[in-house]
Amino acid sequence: MHKKIAGTLIFDAKEALAAPLVLAEAARILADGGLVAFPTETVYGLGANALDAQAVQKIYLAKGRPSDNPLIVHLAEFAQLQELACEIPPEAEKLARHFWPGPLTLVLKKRLVVPDIVTGGLDSVAVRIPAHPVALALLRAFGRPLAAPSANLAGRPSPTSAQHVIDDLAGKIDAVLDGGICAVGVESTILDIRGGCPLLLRPGGVTPEQISILLEKECLPCTWQEDTAMPPPSPGLKYTHYAPQVPLCLVLASPEKILAEIARLQDVCRRQGKHVGFLLSRELAAEFDAETVEILGSRTNAAELATNLYGALRRLDKSAAEVIIAEGYSEAGLGLAVMNRLKKAAGSRVLVLE
Ligand code: AMP
Ligand code: MG
């Protein structure tokens, strides 16, 4: 029924709905204050009982996550929202009824029952209902909300397969439910909806266009800059997330110019004796000759780029590449989330060609 790696139980949950014993065992571990990683439609989450401060503390320890970077709380049904959040504006209810279960996280005023450790001391709480059948089945079996950040070591690309979780956290957590590859591939959209005006804190699986259309209100982008004295509206903004271990250079250029620029960079790196790994669209890879290439998908299909992004970054980290050169994409639709993660992975190494 399961295997064990470095003390961490690995359950096959691809047929989880037909395996109530697996879910009961995972729920028992959670009730005992343990940590269980589980698949969601975005990325794998590392779950603990959201109402048990000691259990939640273990998440921060296992991930090496700074304690002021709060966690998203996952629910099985809309009715649970009232238990954790108060002052829920009609816009929040409208968004939740439309996009849940799904990749949209809402930031709302928190109730006292939510431990401070979950929210990093903030007076707000981030909540969503995930759309993956295994996540929902686990939430129902456990019967209480689960605090669950992405199930990776802090600073590493988020995990989109059980193997990614095992690579980062085996021996540090109690169990992993293996539900296969995550379909969306990038994290949820985070929206501060207190007061009814949508403020986009992190682009993700639901696009600002979709939010604006539903609410008939502009979804404002977050304009916080790292060099200001103001605290960020979402603590996660100040941390370099999603970074591969190998330095990544992101090239933003038109499809006509990018081939020549990438070839030029390859030449520069070669003269420095560096092995280069490439992160490219299928279209560009077809025109380009290199030893180490990860293809994300078609540059006209942002959903495909998103699904493959983190797995490709992790494979490049394990390859011989000493530097990664990545192609940039359109920021339309889901492309906004893909480009947000690529820019974070690149840090200051972004090359813009007019
Ligand atoms: P992760 O689940 O690992 O993607 O991390 C959760 C993200 O949600 C982090 O970037 C947090 O900063 C953000 N977050 C969680 N709770 C809040 C909150 N109450 N207000 C703003 N951002 C939050
Ligand atoms: Mg994360």
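Here is what the cut-offs are and how they apply
Residues numbered from 1 in each chain as written. Chains lettered and ligands numbered in written order. Predicted model: local features only at pLDDT ≥ 70, side-chain atom pairs only at ≥ 80, totals over all residues. Heavy atoms only, no water. Helix = DSSP H or I, 4+ residues; strand = E, 2+ residues; numbered from the N terminus. Rg over C-alpha atoms; globule rule 2.2 N^0.38 Å. Contact = heavy atoms within 4.5 Å. Lys, Arg positive; Asp, Glu negative; His and termini not counted. Charge placed at Lys NZ, Arg CZ, Asp CG, Glu CD. Near = heavy atom within 4 Å. Polar contact = N/O pair within 3.5 Å; in protein donor to acceptor, adjacent residues only side chain to side chain. Expected span 1.5 Å × (residues − 1). Buried < 20%, exposed > 50% of the residue type's maximum accessible area, 1.4 Å probe, protein only. Arc of directions from axis to C-beta. Core = buried A, V, L, I, M, F, W, Y, C linked by side-chain atoms within 4.5 Å. Phe/Tyr/Trp six-rings, centres within 6.5 Å; stacked < 30°, edge-to-face > 60°.

Asker: Explanation requested: the overall build of the chain in the structure shown.
Answerer: Secondary structure summary: the chain contains twelve helices and 18 strands in total. For the chain, the C-alpha radius of gyration of 20 Å lies close to 20 Å, the compact-globule estimate for 354 residues. Over its C-alpha atoms, taken along the principal directions, the chain stretches across nearly 60 × 50 × 35 Å. For the chain, contacts bridging at least 24 residues in sequence account for 67% of all contacts bridging at least 6. Taking the average location of the 35 positive side-chain charges in the chain and that of its 39 negative ones, the two points are 4 Å from each other.

Asker: When you look at the site of ligand 1 in this model, what are you seeing that I'm missing?
Answerer: In the vicinity of ligand 1, 20 residues are found, and the nearest of them are Asn-69, Ser-124, Arg-202, Ser-234 and Gly-236. Measuring from an oxygen atom of ligand 1, one finds a side-chain N or O atom of Arg-65 at 3.1 Å. In the environment of ligand 1, an oxygen atom lies 2.6 Å from a nitrogen or oxygen atom belonging to the side chain of Arg-202. Tallying contributions element by element places strand β8 (residues 124-128) first for the shell around ligand 1, with three residues.

Asker: What's the story with helix α1 (residues 20-31) in this structure? I'm lost.
Answerer: The periodicity of an α-helix, 3.6 residues per turn, causes residues three or four places apart in sequence to face the same way. End to end, α1 covers 16 Å across twelve residues, agreeing with the expected 16 Å (1.5 Å per residue, within 8%). Within α1, the full set of buried residues consists of Val-22, Leu-23, Ala-26, Ala-27, Ile-29 and Leu-30. When α1 is viewed along its axis, its buried side chains cluster within an angular range of 155° and face the same direction. In α1, the exposed residues that point more than 90 degrees away from the buried face are Pro-20 and Leu-21. On its buried face, α1 is in contact with β2 (8-12), β3 (36-38), β4 (45-49), α6 (133-142), β9 (146-147) and β10 (175-178).

Asker: Can you walk me through the nonpolar core in this structure?
Answerer: The nonpolar side chains of soluble globular proteins are, as a tendency, buried together. Counting 51 residues, the largest nonpolar core has Leu-46, Leu-95, Trp-100, Leu-104, Leu-106, Val-127 and Ile-173 as its most contacted members. When residues no more than four places from it in sequence are discounted, the contact partners of Leu-95 are Trp-100, Leu-104, Leu-106, Leu-191, Ile-193, Ile-211, Leu-214 and Leu-215. Counting 25 residues, the second-largest nonpolar core is a separate cluster that includes Val-43, Val-184, Leu-316 and Tyr-329.

Asker: I keep staring at the packing of aromatic side chains and nothing clicks. Help me out?
Answerer: Within a pair of aromatic rings, the relevant descriptors are the distance that separates the centres and the angle that separates the planes. This structure, assessed with the given rule, holds two aromatic pairs. Their ring planes at 55° and their centres at 6.4 Å tell us that Phe-78 and Trp-100 sit as a pair that is tilted. Highlighted residues: Phe-78 in the loop between β5 (72-74) and α3 (81-84) and Trp-100 in the loop between α4 (90-99) and β7 (104-110), separated in sequence by 22 residues. Both residues of the pair, Phe-78 and Trp-100, belong to the buried class.

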